[in-house]
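Observations on the model geometry
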Amino acid sequence: MKKIYYILLAMASITVAGSCSKFDKLNTNPDVPTSVSPDLLATTVLKSTYRFWNPNSTDWATAQLLGKHCANLTNTANPYQYYSSYYPYGSFGGAQNLTALKRMVEFAKGNPQLPSYEGLALFLKASYGFSATLDMGDIPYSEAGKAEEGITQPKYDKQADVFVAILNDLKAAEAKFAEGKNFNGDILSYAGNAVKWRRLCNAMQLRVLQTISKKITAAQKTRFAEIVAAGNLLSGNADVFQLPYLDNSNATYPFYNGEGTRVNLAISKLMVDALRNVNDRRLFYFAEPAAYKITGGLLDNDYAAYEGAPTELSPNQLDLNRAAGKYSLINKRYASSASRIGDPYLFFSYAEQCFILAEAAEEGWITGGVATAQSYYEAGVKAQLAYYKDLSTVIQANLHGMAITQSYIDNYFTGEAAYKAGGTKTDRLQQIWMQRYFLDFFQGGGMAYRNYLRTGYPVFPIDPATSLNSAAPTMAPKRNMYPTDELTKNPANYKQAVADQFGGFDEVNKIPWWLQ
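Residues numbered from 1 in each chain as written. Predicted model: local features only at pLDDT ≥ 70, side-chain atom pairs only at ≥ 80, totals over all residues. Heavy atoms only, no water.

1. Topic: the pattern of salt bridges
Under the defined criterion, the tally for this structure stands at 23 salt bridges. Between Asp319 and Arg322 there is a salt bridge, with its nearest N and O atoms 3.0 Å apart. With Asp319 and Arg322 both in helix H13 (residues 315-323), this residue pair falls 3 residues apart, about one helical turn. Classification of Asp319 by relative accessible area gives buried; the value is 17%. Of the charged contacts, one joins Asp390 and Lys389 as a salt bridge, the two residues approaching to 2.8 Å between their closest N and O atoms. For Asp390, a relative accessible area of 53% gives the class exposed. Among the charged side chains, a salt-bridge network with shared partners connects Lys102, Arg103, Glu106 and Glu148. (Salt bridge = Lys/Arg side-chain N within 4 Å of Asp/Glu carboxyl O. Helix = DSSP H or I, 4+ residues; strand = E, 2+ residues; numbered from the N terminus. Buried < 20%, exposed > 50% of the residue type's maximum accessible area, 1.4 Å probe, protein only.)

2. Re the side chain of Ser48
The topology assignment puts Ser48 in helix H2 (residues 38-50). Using a relative accessible area of 9% as the deciding quantity, one classes Ser48 as buried. A distance of 3.4 Å separates the side chain of Ser48 from the side chain of Asn97, its partner in a polar contact. (Polar contact = N/O pair within 3.5 Å; in protein donor to acceptor, adjacent residues only side chain to side chain.)

3. A few points about helix H7 (residues 194-211)
Taking 1.5 Å per residue as the helical rise, H7 with its 18 residues ought to reach 26 Å, and the 26 Å between its terminal C-alpha atoms agrees with that figure. The buried fraction of H7 is high, at 15 of 18 residues. For H7, the capping residue at the N-terminal end is Asn193, with a side-chain oxygen 3.0 Å from the backbone nitrogen of Val195. (Expected span 1.5 Å × (residues − 1).)

4. What to know about unusual backbone geometry
For the peptide bond that leads from Tyr457 to Pro458, omega is -5°, which places it in the cis range. Summarising the element assignment, Pro458 is placed in the loop between helix H18 (447-455) and helix H19 (486-489). Even without a glycine there, the phi angle at Asn279 is positive, about 50°. The exposure class of Asn279 is partly exposed, given its relative accessible area of 44%. The residue His400 is not glycine, and still its phi comes out positive at about 60°. Residue class for His400 comes out buried when judged on its relative accessible area of 10%.

5. With respect to the side chain of Gln431
As for its placement among the helices and strands, Gln431 is situated in helix H17 (residues 425-439). Setting aside anything within four residues of it in sequence, one finds Gln431 in contact with Tyr377, Glu416, Ala417, Ala418, Tyr419 and Lys420. (Contact = heavy atoms within 4.5 Å.)

6. Description of the environment of Leu243
One can find Leu243 in strand E2 (residues 241-243). Taking the C-alpha atoms as reference points, Leu243 and Thr49, 194 residues apart in sequence, are found 11 Å from one another. Beyond its immediate chain neighbours, meaning those up to four positions away, Leu243 contacts Tyr50, Arg51, Ile187, Leu188, Pro344, Tyr345 and Phe347.

7. Considerations on the packing of helix H6 (residues 159-179) against H7
Running from amino to carboxyl end, H6 crosses H7 at an angle of 160°, the nearest separation of the two axes being 8 Å. Considering the angle they form, H6 stands roughly antiparallel to H7. The handedness of the crossing between H6 and H7 comes out as left-handed. Two secondary-structure elements touch here, H6 through Phe163, Ile166, Leu167, Leu170, Lys171, Ala173, Glu174, Phe177 and Ala178 and H7 through Ala194, Trp197, Arg198, Cys201, Asn202, Met204, Gln205, Val208 and Leu209. Residues of the contact of H6 with H7, tallied by class, amount to 13 nonpolar, 2 polar and 3 charged. (Axes fitted to C-alpha atoms, helices over the stretch in contact; angles between N-to-C directions. Parallel < 35°, antiparallel > 145°, perpendicular 65-115°, else oblique. Left-handed = near helix turned anticlockwise from the far one by under 90°. Nonpolar A, V, L, I, M, F, W, Y, C, P; charged D, E, K, R; others polar.)

8. Quick word on the packing of aromatic side chains
Per the counting criterion, the structure on display carries 47 aromatic pairs. Each ring, one from Phe177 and one from Trp197, has its centre 5.7 Å from the other, and the planes form 20°; the classification is stacked. Of this pair, Phe177 sits in helix H6 while Trp197 sits in helix H7; the two residues are 20 residues apart in sequence, bridging distant segments of the chain. Note on accessibility: Phe177 and Trp197 belong to one class, buried. Between Phe284 and Tyr306, the ring centres sit 5.1 Å apart and the planes meet at 85°, which makes this aromatic pair edge-to-face. Taken together, the residues span a long stretch of sequence, with Phe284 in helix H11 (residues 282-286) and Tyr306 in the loop between helix H12 (291-295) and H13 at a distance of 22 residues. Here Phe284 and Tyr306 have matching classes, each one buried. Over the face of the ring belonging to Tyr482 we find Arg479, whose NZ or CZ atom lies 5.2 Å from the ring centre. (Phe/Tyr/Trp six-rings, centres within 6.5 Å; stacked < 30°, edge-to-face > 60°. Lys NZ or Arg CZ within 6 Å of the ring centre and 35° of its normal.)

9. Description of the environment of Met402
Note that Met402 resides in the loop between helix H15 (369-390) and helix H16 (406-410). In the structure, Met402 is positioned 117 residues away from Tyr285 in sequence and 8.4 Å away in space, judged by C-alpha atoms. Contact partners of Met402, with chain neighbours within four places excluded, come to Arg281, Phe284, Tyr285, Asn301 and Tyr303.

10. Topic: the packing of H7 against helix H14 (residues 350-363)
At a closest axis distance of 10 Å, the pairing of H7 and H14 adopts a crossing angle of 45°. One way to sum up the angle between H7 and H14 is to call them oblique. As for how H7 packs across H14, the hand of that crossing is left-handed. Contacts between H7 and H14 pair Ala203, Leu206, Arg207 and Gln210 from the former with Glu352, Gln353, Ile356, Leu357, Glu359 and Ala360 from the latter. Residue composition of the contact of H7 with H14, grouped by class: 5 nonpolar, 2 polar and 3 charged.

This is the structure we're talking about:
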C-alpha cells in the first residue's frame, strides 16, 4: 500500500533578482543559471513520481505480494504476503514535489505551453492526494505545499473533502490541457501530448469516482455520466499511460537480470486458477510450468501443467514445495539479462477504463444496462489481450507455444469467459473485477489491493495461523499509519485527525471513510 516518492530538491528555487548596481553585475557568475526551464522540472518531477521507488528485482518482487498475484517461496516470511509490512506507514513525500511544480508553472510564464504545464501540476497534485488518502485516510490537501506561504503545519482535510478537491483539480487539469499545446519534458508514453493528457484527466476522474462507490453521491454519479457522454476519454491502446524502460542503467526495468529472485517467486494459486478458468493465454506469458508436471508427462503448452502457490501457506511449506518443483515460477522472460528494457510500468490502461465503464453500466451510473456492460467488458478484455500480443518486450521463445493471436482474441468469449448476461448482477461484476485484477499482474502499483478492499473480490486467502496482522489475523489491513514524523512536525493536526477518524488510535485495521 505504501508508495514512496523521492524528494525533488535541486534547482526548484533558483531565482536571482536583478540589480542595477555595478557591483552586482560584476559579481554575477555567467555560468550559474538564474532560472530553470519548465521542461527540466517536468522531467525531474515525473521521474520522481512514476519511477518505481527502489528499482531492483527484490523490491519489485515484494511489490507483487500484497495483491496476491505472486508468492514468495523462501523459508523466510515476507510480511507483505502475510498481511503486514516492513514499514506500515504512509508517506507525504509526493506533496514535497508541489513546490517544484509551482516553479515549473512560474518558469513557463510567456511560454505557449503554459496551460499544459498548469494542467500537469494540477494532475500530479491530484494523483499525490489520491494515493495518500487511500493509503492513510484524512490528509493535508488544501494547505499542502504552502510552506512558502507560512503554512508549515497544514490542516488535515476530511477524506470526503479530499476526494471532492481531487476531482475538482482533475477537472481543472482537463480544462488546461484542452487549451494547451504539446509540452516538453514528458518522459512517459504520452511524450507531452496534450490531447492524451486531457483524456487521462477524465479517465482518472472515473477511477476516483468508482473508488468511492460506497460513498458516491447522486451528484457525483451524474458527473460520472457527463464525463462519459462528453467522450474525451482514452480511445484505445495507443492511449495507455505507462513508463517505458530504456536500455541504459538510469532507466532499467526493475526485474532486469533478476534470475536469482525469480527462482523463488511463483505465480499465485489465485492467479493460475482464475486464468485457467477462462482459458486465458496470459498464463503462458506470466509463468513457467511446474517442474513436477513436466516430469510427469505434461507439455508446457497445457494449462494443466501450471500450478500456482497458495499465498497463505507457511514459508517453510512453500519452500519445501518449491524444492519439489510443485509450483509455476514467474516466466523467465521477466528476468532476462539480454536487455534492460522490460515490460512497461503500466499506470492506466484503456482496458481499465473499459472495466470501470462496464461496472458503471451494471450499477446504472451510465445508460445501457447489461448490454452496454457486456460491450465494455469485451472491449476491455480484447484490448489487454491485444496489448500483450503487440508488446515488443515479449520474448516469443518464452511463451510455451501459446502466443496470443488475433484469432485467439476473436474467439476468447466462450465458456466461463463469456459474459454472463443471463446470470446475476454479482456474477457479472465478479467477471469484470477479475479481468481488472489481471491487469495489475507483475506491475508495481497498489490498485489491485485497493479494489479488493472496495469489492471483496477476488477473495484473498487468509489463514489466521500464518497471518502477520497480529491485531486482526482474520482481516486484511485497511490502511497504513501516518508517517511517524507527523508527531513532531505537525502534532496538533495529526492528533486531531486520528481522534476524528479512529478514536485516537492510529492503526492499520481502522476503516477509513471510503470503505465504510
